[in-house]
Amino acid sequence: MVAKVIDGKAVALKVRAELREQVTSLVERGLRPGLAVIIVGENPASRVYVANKVKACSEVGIASTVHAFPADTEDTIVEGRIRALNQDPSVHGILVQLPLPESFDVRRVLGAISSDKDVDGFHLYNVGGLVVGDTVFPPCTPFGVQKMLEHENIPIEGQNVVVVGASNIVGKPMALMLMQRDATVCICHAKTRDLAQFTILADILVVAAGKPNLILPQMVRTGAVVIDVGINRLPDGRLVGDVDFEGVRQKASYITPVPGGVGPMTVTMLVHNTVQSAARHLSARYH
Ligand code: NAD
């Protein structure tokens, strides 16, 4: 068996085309969706991510503003800006680009974002919503994975899902979202003993550990769906995921490449969350 390679770029373009139509309709009704992005410090990767988000917004007609602060800014100043943005009716989404400098209390900064503008879905209110299956803003990366599975008509209900990685931004929300869709979910992490004994059971294997070649063909069931969230820069400059792509694609039924898999979907779901937030603000105006 040779896997179908899921083209994340193509799926993302399709979703973005639908979002552009929704934005056009919102603008016709008098509201242009707005996103505010906060970035603190000079992290070059963060700057690239922010530039990508701004570009994706402008492509669908969302107005975005970047609020950049030097690394030595007091966190109260950043929180003050967030509170001002919370009150700004032209802003429907606020995101803080992570990581923040070490001196920052990340939870406090994220907690300052109004939960109805928390388009990254990291505020405790939205995390709690995820746990009870009623979140307003699903976190963008796992939401993007779910969208890809839906796009390929891959069934989720009743499937064995193994998520490798238990971070707050990818692994844990991914597990909760697929459990909400009635999958049987297992989460593995760096302290898991004998990872392969779990991964081999997966009908759908989602890997988000940040370790190149963590998943080898012998760890994957024939016919499994393999979603590689990892992004790793090798010493020779190449970008790879966590899965031995060439080996595993000989066994899986579907596989996502890196780059060009989950990455483009993450930014797209941020755009999606911002558009939905704007639509909710508009309908709230009339109630
Ligand atoms: P993280 O470092 O916060 O968490 C990594 C998780 O993987 C932890 O739970 C850890 O216990 C687990 N892990 C580490 N080594 C392991 C091992 N050997 N076996 C099993 N589990 C192991 O990372 P994160 O923020 O969740 O990101 C994970 C990866 O996904 C990174 O490569 C990151 O760059 C990438 N990522 C990609 C996107 C995207 O849009 N494609 C978005 C976010 C993160």
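Structure shown above.
In short, a report on the structure. All chains use their own residue numbering, which begins from 1 and follows the written sequence. Local features in a predicted model are, by the rule used here, given only for residues with pLDDT of at least 70; side-chain atom pairs are given and counted only at 80 or more, and totals for whole chains, interfaces and linings are based on all residues. Only hydrogens and water are removed before side-chain values are computed, so all heavy atoms of the structure are retained for them.

Focus on the overall build of the protein
- The secondary structure content of the protein amounts to ten helices and eleven strands.
- Radius of gyration here is computed from C-alpha atoms only, and the compact-globule reference equals 2.2 Å multiplied by the residue count raised to the power 0.38. For 287 residues, the compact-globule formula gives about 19 Å, and the C-alpha radius of gyration of the protein, at 19 Å, lands near that figure.
- Summarising its shape, the C-alpha atoms of the protein cover approximately 55 × 40 × 35 Å along the three principal directions.
- Categorising residues by exposure relies on relative accessible area from a 1.4 Å probe, with only protein chains included: less than 20% of the type maximum marks a residue as buried, more than 50% marks it as exposed, and the intermediate range marks it as partly exposed. A buried classification covers 48% of the 287 residues belonging to the protein.
- We call two residues in contact when some of their heavy atoms are within 4.5 Å. Contacts spanning at least 24 positions in sequence make up 71% of the contacts within the protein whose residues lie at least 6 apart.
- Accessible areas in this description were obtained via Shrake-Rupley with a 1.4 Å probe; residue shielding takes into account the shown protein chains only. When the accessible surface of the protein is split by element, carbon and sulfur atoms take 55% of a total near 13600 Å².
- Charged residues are defined here as Lys and Arg on the positive side and Asp and Glu on the negative side; His and the ends of the chain fall outside this count. For charged residues, the charge sits on one atom: NZ in Lys, CZ in Arg, CG in Asp, CD in Glu. The centroid of the 28 positive side-chain charges in the protein is displaced by 2 Å from the centroid of its 28 negative side-chain charges. Every helix listed is a DSSP run of H or I at least four residues long, and every strand listed is a run of E at least two residues long, numbered separately from the N terminus.

Details of the site of the ligand
- Near residues are defined by distance, with any heavy atom within 4 Å of the molecule or strand qualifying the residue. In the region of the ligand, 20 residues are neighbours, and Ala166, Ser167, Ala190, Ile231 and Thr266 sit closest.
- The contact in question runs from an oxygen atom of the ligand to an N or O atom on the backbone of Ala166, over 2.8 Å.
- Contacts described as polar in this section are N or O atom pairs within 3.5 Å, which, within protein, must combine one atom able to donate a hydrogen with one able to accept it, while residues neighboring in sequence count only if both atoms come from side chains. Between Ala190 and the ligand, the recorded distance is 2.9 Å, taken from a backbone N or O atom to an oxygen atom.
- Surface burial for the ligand is 71%, taken as the share of its 850 Å² of free accessible area covered by protein chains.
- Of all the elements, helix H10 (residues 262-285) adds the most residues to the shell around the ligand, at three residues.

Overview of the packing of helix H2 (residues 44-60) against H10
- Every axis in this analysis is a line fitted to C-alpha atoms, fitted for helices over the stretch in contact. Angles between the N-to-C directions lie between 0 and 180 degrees. For the pair H2 and H10, interaxial distance at closest approach is 10 Å and the crossing angle is 55°. Considering their axes alone, H2 and H10 lie oblique with respect to each other. Crossing angle aside, the handedness with which H2 passes H10 is right-handed. Contact residues: H2 offers Asn52, Lys53, Ala56, Cys57 and Val60, while H10 offers Val267, Leu270 and Val271.
- Looking at side-chain class alone, the contact of H2 with H10 contains six nonpolar, one polar and one charged residues. The scheme is simple: roughly parallel for angles under 35 degrees, roughly antiparallel for over 145, roughly perpendicular for 65 to 115, oblique for anything else. Handedness of each helix crossing follows the sense of rotation of the near helix against the far helix: counterclockwise by less than a right angle gives left-handed, clockwise gives right-handed. Residues were grouped as follows: Ala, Val, Leu, Ile, Met, Phe, Trp, Tyr, Cys and Pro as nonpolar; Asp, Glu, Lys and Arg as charged; and all remaining residues, including Gly, as polar.

What about the sheet that holds strand E1 (residues 4-5)?
- Here, a strand pair is defined by DSSP locating no fewer than two bridges between the strands. Pairing in this open sheet of six strands is parallel, and the strands run E1-E11-E8-E7-E5-E6 from one edge to the other. Either end of the sheet is taken by a strand with one partner, and the two such strands are E1 and strand E6 (184-188).
- Bridging between strand E5 (residues 160-164) and strand E7 (residues 204-207) involves four bridges; their strand directions are parallel. Its bridge partner lying in E7, Val163 is registered against Val206.

A few points about the packing of helix H6 (residues 140-151) against helix H7 (residues 171-180)
- Where H6 meets H7, the closest approach of the two axes is 9 Å, and the angle between their N-to-C directions is 40°. Judged by the inter-axis angle, H6 sits oblique to H7. Once H6 is placed against H7, the crossing between them reads as right-handed. Here H6 contributes Pro142, Phe143, Val145, Gln146 and Leu149 to the contact with H7, which in turn contributes Pro173, Met174, Met177 and Leu178.
- A breakdown of the residues in the contact of H6 with H7 according to their chemical character gives eight nonpolar, one polar and no charged.

Notes on the layout of surface pockets
- Think of a 1 Å grid over the protein atoms and nothing else: a 1.4 Å probe that fits but is trapped marks a cavity, an open set flanked by protein within 12 Å on at least five of seven lines marks a pocket, and residues with an atom within 4 Å of a point count as lining. Grid points are joined across faces, edges and corners, and a volume is the space filled by probe spheres set on the points. Its volume calculated, the largest pocket comes out at about 1500 Å³.
- In terms of lining, the largest pocket is formed by 47 residues, of which the most central are Tyr49, Ile231, Gly263, Thr266 and Val267.
- Listed by contribution, the elements that provide at least two residues to the lining of the largest pocket are helix H1 (8-28), H2, H6, strand E9 (232-233) and H10.
- Looking at side-chain class alone, the lining of the largest pocket contains 26 nonpolar, 13 polar and eight charged residues.
- Looking at the lining of the second largest pocket, the element that brings in the most residues is helix H4 (residues 106-111), giving four residues.
- Residues belonging to the lining of the second largest pocket are distributed by class as follows: eleven nonpolar, four polar and two charged.

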